Amino acid sequence: APGILPLAAFYWICNIGISVTAILLVQKSSAAATMLANVVALPLSALLFCCQLPFLVAQPFHWRFASSLALAVAGNLIYGEILFR
C-alpha cells in the first residue's frame, strides 16, 4: 500500500522523539518524574487507538482508559504538591 512508508516514518519519528524526551527528562529531572510521565503516556496512547487512524480499525472506547488517565494526573498533582511543600 502506498501510504505505509509515510506512516512507518511517522511512527519511527514519534518513537525517537519520545526516547529523546525521556533521556532529557532523566538528565534534567529525576527518575521518578520520568516514571510518572510514562504512567501518563500509557493511557493517552490507549485513548489514541480509539480514534480513526490510517490502516487501523478504531478500537472501542473504555472508560477505564479515561479514568486511569485522570487517576495518573491526580497522582502527579498530589505527588508534586507533597514534594514541593
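Higher on the page you've got the structure.
How each quantity is defined
- Residues numbered from 1 in each chain as written.
- Predicted model: local features only at pLDDT ≥ 70, side-chain atom pairs only at ≥ 80, totals over all residues.
- Heavy atoms only, no water.
- Axes fitted to C-alpha atoms, helices over the stretch in contact; angles between N-to-C directions.
- Helix = DSSP H or I, 4+ residues; strand = E, 2+ residues; numbered from the N terminus.
- Contact = heavy atoms within 4.5 Å.
- Nonpolar A, V, L, I, M, F, W, Y, C, P; charged D, E, K, R; others polar.
- 1 Å grid on protein atoms, 1.4 Å probe; cavity = no way out; pocket = protein on both sides within 12 Å on 5 of 7 lines; lining within 4 Å.
- Points joined across faces, edges and corners; volume = space filled by probe spheres on them.

**As for the packing of helix H1 (residues 4-28) against helix H2 (residues 31-48)**
It is at 7 Å that the axes of H1 and H2 come closest, and there the two elements cross at 145°. Mapping the contact onto sequence places Ala22, Leu25 and Val26 in H1 and Ala33, Thr34 and Ala37 in H2. Partitioned by chemical class, the residues of the contact of H1 with H2 number 5 nonpolar, 1 polar and no charged.

**What about the layout of surface pockets?**
Considering only enclosed or pocket space, the largest pocket measures out at about 700 Å³ in volume. Tyr11, Cys14, Asn15, Ile18 and Leu48 are, among the 19 residues lining the largest pocket, the residues nearest its centre. Taken together, the elements giving at least two residues each to the lining of the largest pocket come down to H1 and H2. Broken down by element, the lining of the largest pocket gets its largest block of residues, 9 residues, from H1. When its residues are assigned to classes, the lining of the largest pocket shows 14 nonpolar, 5 polar and no charged.

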